[in-house]
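# Residue-level structural notes
As a plain string of letters, each chain reads:
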Amino acid sequence: LPLPRLAGPILARIDGRATLGDLHRRLRELDAGLTWDAFKAQFDALYAPLNGLAKLLLRVQTSGNSSR
């Protein structure tokens, strides 16, 4: 599957508890110039094929916390 440049770093930080905001913050430690929009585009490009294969699923938060 064609995967985005940040596929490896994103997948390495997914732990079943981290929000998308958490993942973005952790990746900004490596690349301070990584904007939310750039991260989200990379995540979406990773999520689409892996979700289609049921290999990456999202959990909806029920608390008042947002994913960002």
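Here the structure is a predicted model, which means the values were calculated and not measured. (Residues numbered from 1 in each chain as written. Predicted model: local features only at pLDDT ≥ 70, side-chain atom pairs only at ≥ 80, totals over all residues. Heavy atoms only, no water.)

### Some details on the overall build of the chain
Counting secondary structure elements, the chain contains three helices and zero strands. Listing every helix and strand of the chain by position from the N terminus yields α-α-α. Against the 2.2 N^0.38 benchmark of 11 Å for 68 residues, the chain shows a C-alpha radius of gyration of 12 Å, consistent with a compact globule. Taking the principal axes of its C-alpha atoms as reference, the chain extends roughly 35 × 30 × 20 Å. Expressed as a percentage of its 68 residues, the buried residues of the chain come to 26%. Contacts in the chain between residues at least 24 apart in sequence constitute 48% of all its contacts with a sequence separation of at least 6. Counting only carbon and sulfur atoms, one obtains 53% of the accessible surface of the chain, whose full area is about 4700 Å². Here the chain holds 10 positive side-chain charges and 6 negative ones, and the gap between their average locations is 4 Å. (Helix = DSSP H or I, 4+ residues; strand = E, 2+ residues; numbered from the N terminus. Rg over C-alpha atoms; globule rule 2.2 N^0.38 Å. Buried < 20%, exposed > 50% of the residue type's maximum accessible area, 1.4 Å probe, protein only. Contact = heavy atoms within 4.5 Å. Areas by Shrake-Rupley, 256 points an atom, 1.4 Å probe, with all protein chains shown as cover. Lys, Arg positive; Asp, Glu negative; His and termini not counted. Charge placed at Lys NZ, Arg CZ, Asp CG, Glu CD.)

### Things to note about helix α2 (residues 20-28)
Three- or four-residue spacings in an α-helix give side chains the same orientation, since the helix completes a turn every 3.6 residues. Inspection of α2 places L20, G21, L23, H24 and L27 among the buried residues, and these make up the whole buried set. Seen from one end, α2 has its buried residues packed into an arc of 160°, which puts them on one side. Residues of α2 that are buried sit in contact with α1 (7-13) and α3 (36-52). (Arc of directions from axis to C-beta.)

### Description of the nonpolar core
Judged by nonpolar contacts, the single largest core of 13 residues is most densely connected at I10, L20, F39, F43 and L46. Elements represented by at least two residues in this core include exactly α1, α2 and α3. No other element matches α3, which puts five residues into this core. (Core = buried A, V, L, I, M, F, W, Y, C linked by side-chain atoms within 4.5 Å.)

### Some thoughts on the confidence of the model for the chain
Per-residue confidence for the chain averages 88 on the pLDDT scale, and 91% of its residues sit at or above 70. When pLDDT is averaged over each helix and strand of the chain, the minimum, 94, is found for α3 and the maximum, 96, for α2. (pLDDT = per-residue confidence, 0-100.)

### Examining the pattern of salt bridges
Within this structure, the stated rule accounts for four salt bridges. Salt-bridge contacts for D15 lead to R17; the nearest nitrogen and oxygen are separated by 3.9 Å. According to the relative accessible area criterion, R17 is exposed, its value standing at 63%. Note that D22 and R25 form a salt bridge whose closest N and O atoms lie 2.6 Å from each other. (Salt bridge = Lys/Arg side-chain N within 4 Å of Asp/Glu carboxyl O.)

### Some details on α3
For α3, which comprises 17 residues, the first-to-last C-alpha distance of 24 Å matches the rise-based estimate of 24 Å (1.5 Å per residue) to within 8%. Along α3, the residues that are buried comprise W36, F39, Q42, F43, L46 and L50. Axial view of α3: buried residues confined to an arc of 135°, hence all on one face. Exposed and oriented more than 90 degrees from the buried face of α3 are D37 and G52. Those residues of α3 hidden inside the fold are in contact with α1 and α2. (Expected span 1.5 Å × (residues − 1).)

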